[in-house]
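Given next are the chains, with one letter for each unit.
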Amino acid sequence: MKYDLVVFDLDGTILNTIDDLADSCNFVLNRHKFPTHTVEEIKYMVGNGIAKLIERACPADISKEEYETVLKDFRTYYEVHCDKKTAPYSGILECVNELKSTGVKLAVNTNKDENAALELCRKFFPGVFDFVSGGNVGLPVKPAPDGVHRIVQQLFGKNISEIKGCFVGDSDVDIATGKNCGFDVIGVDWGFRGIDFLKNHGADKVVFDCEELLSTIK
């Protein structure tokens with residue numbers, strides 16, 4: 001194995017979460033009598049954390065107080081409804097289990113609120129990931145490298161420059177995060193963006209299925 005650590009994004013990389021995100025977002029927008037959005041529109045609003053998603057989804061002229069209320073309502077609603085339509089992408093569970101059997105450390109770094117990320121990983125990937133670092137924990141969100149630094153300290157007790165790592169994701173945010181960590185970056189074509197977007201934003205490699213992802217990492 002050429003890597004000590006493989007870090008995965010969550011939304012659009014290992015889990016297809018977009019329908020639950022869209023449903024939850026539109027539920028709270030409708031509650032506040034704001035315009036709703038299509039799933040395709042919301043695909044381009046996610047990636048920078050829930051606070052940024054709600055900022056992008058809400059009308060530009062709402063007050064700070066209205067925004068904070070919508071954000072709070074979203075967090076409350078999504079925590080209960082985050083797994084209604086969400087499911088792992090085809091082949092990803094077999095892929096991460098195969099990687100784990102080689103002894104490489106596996107982690108998740110997501111801008112999703114950490115409690116929701118932990119719950120989803122427990123449900124769909126029990127015992128697979130060695131550490132999950134999410135948002136809303138007092139650290140700068142991706143593309144800042146802080147979450148990966150946290151992972152490396154927890155798993156290795158070393159400086160990030162002392163290990164060989166790979167970041168797997170589906171967005172420009174993930175590519176920038178990996179680059180900011182000095183990691184190789186693999187983009188997955190099955191996520192929320194696609195090959196042209198990923199190549200244009202600097203992915204070292206773009207893969208089209210989990211077998212290719214596994215062979216590329218190994």
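Here the residue numbering is sequential within each chain, running from 1 through the sequence in written order. A pLDDT threshold of at least 70 governs which residues receive local features in this predicted model, and a stricter bar of 80 or more applies before side-chain atom pairs are shown or counted, although totals over entire chains, interfaces and linings include all residues. Hydrogens and water molecules were not included; the side-chain quantities draw on all heavy atoms of the structure.

Participant: Outline the overall build of the protein chain, listing residues and values.
Facilitator: By definition, any uninterrupted DSSP run of H or I lasting at least four residues is a helix, any uninterrupted run of E lasting at least two residues is a strand, and each is numbered from the N terminus. For the protein chain, the helix and strand inventory stands at ten helices and eight strands. The C-alpha atoms of the protein chain give a radius of gyration of 17 Å, which matches the 17 Å a tight globule of 218 residues would have. Over its C-alpha atoms, taken along the principal directions, the protein chain stretches across nearly 50 × 35 × 30 Å. Working definition: with a 1.4 Å probe on protein chains only, accessible area under 20% of the residue-type maximum means buried, over 50% means exposed, and in between means partly exposed. A total of 218 residues make up the protein chain; the buried ones form 52% of that total. Any pair of residues with heavy atoms lying within 4.5 Å of one another is described as a contacting pair. A separation of at least 24 residues holds for 65% of the contacts in the protein chain among residues at least 6 apart in sequence. Here the radius of gyration uses the C-alpha set of atoms, whereas the globule reference equals 2.2 Å times the residue count to the power 0.38.

Participant: Give a detailed account of empty space enclosed by the protein, specifying residues and quantitative values.
Facilitator: Definitions used for this entry: grid spacing 1 Å over protein atoms alone; cavity, a set of points where a 1.4 Å probe fits but cannot get out; pocket, an open set with protein on both sides within 12 Å along at least 5 of 7 lines; lining residue, one with an atom within 4 Å of a point. Grid points are joined across faces, edges and corners, and a volume is the space filled by probe spheres set on the points. Taken as a whole and judged by the stated rule, the model has two cavities of 30 Å³ or more. What lines the largest cavity is a set of 19 residues, among which Asp11, Val46, Gly47, Asn48 and Gly49 lie closest to the centre. Of all elements in the fold, only helix H3 (50-57), strand S4 (105-113) and helix H8 (172-181) reach the threshold of two or more residues within the lining of the largest cavity. If you tally residues by element for the lining of the largest cavity, the top one is S4, at three residues. Residue polarity is assigned by list, with Asp, Glu, Lys and Arg as charged and Ala, Val, Leu, Ile, Met, Phe, Trp, Tyr, Cys and Pro as nonpolar; anything else, Gly included, falls into the polar class. For the lining of the largest cavity, a count of residues per class yields six nonpolar, six polar and seven charged. Quantified by volume, the second largest cavity comes out at close to 70 Å³.

Participant: Before we move on, can you summarise the layout of surface pockets with the specific residues and values?
Facilitator: Looking at the largest pocket, its volume works out to about 160 Å³. Considering the residues around the largest pocket, the lining is formed by Ile50, Arg75, Tyr78, Glu79, Asp113, Glu114, Asn115, Ala116, Gly135, Asn136 and Val137. The set of elements that each furnish at least two residues to the lining of the largest pocket consists of helix H4 (64-81) and helix H6 (114-124). For the lining of the largest pocket, the residue count by class is four nonpolar, three polar and four charged.

Participant: Outline the environment of Asp204, supporting the account with residue identities and numerical values.
Facilitator: Within the element layout of this structure, Asp204 appears in the loop between helix H9 (195-200) and strand S8 (205-207). For Asp204, a relative accessible area of 46% corresponds to the partly exposed category. Taking C-alpha positions, Asp204 is 17 Å from Leu5, a pair spaced 199 residues apart along the chain. With sequence-adjacent residues up to four places away left out, Asp204 is seen in contact with Lys179, Phe183, Asp184 and Val185. Within 3.5 Å is the distance limit for a polar contact, defined as a pair of N or O atoms, with the added protein rule that one can donate a hydrogen and the other accept it, and that residues adjacent in sequence qualify only through two side-chain atoms. At 2.7 Å, the side chain of Asp204 forms a polar contact with the side chain of Lys179.

Participant: Break down the nonpolar core for me, with residues and values.
Facilitator: With 56 residues, the main nonpolar core has Phe8, Ile54, Phe129 and Leu213 as its most contacted residues. Looking at which element gives the most residues to this core, the answer is helix H1 (residues 18-31), with six residues. We define a nonpolar core as any set of buried Ala, Val, Leu, Ile, Met, Phe, Trp, Tyr and Cys residues linked to one another through side-chain atoms lying within 4.5 Å. Counting residues in each nonpolar core, the second largest holds 13 residues, with Val7, Ile151, Val152 and Ile163 among its members.

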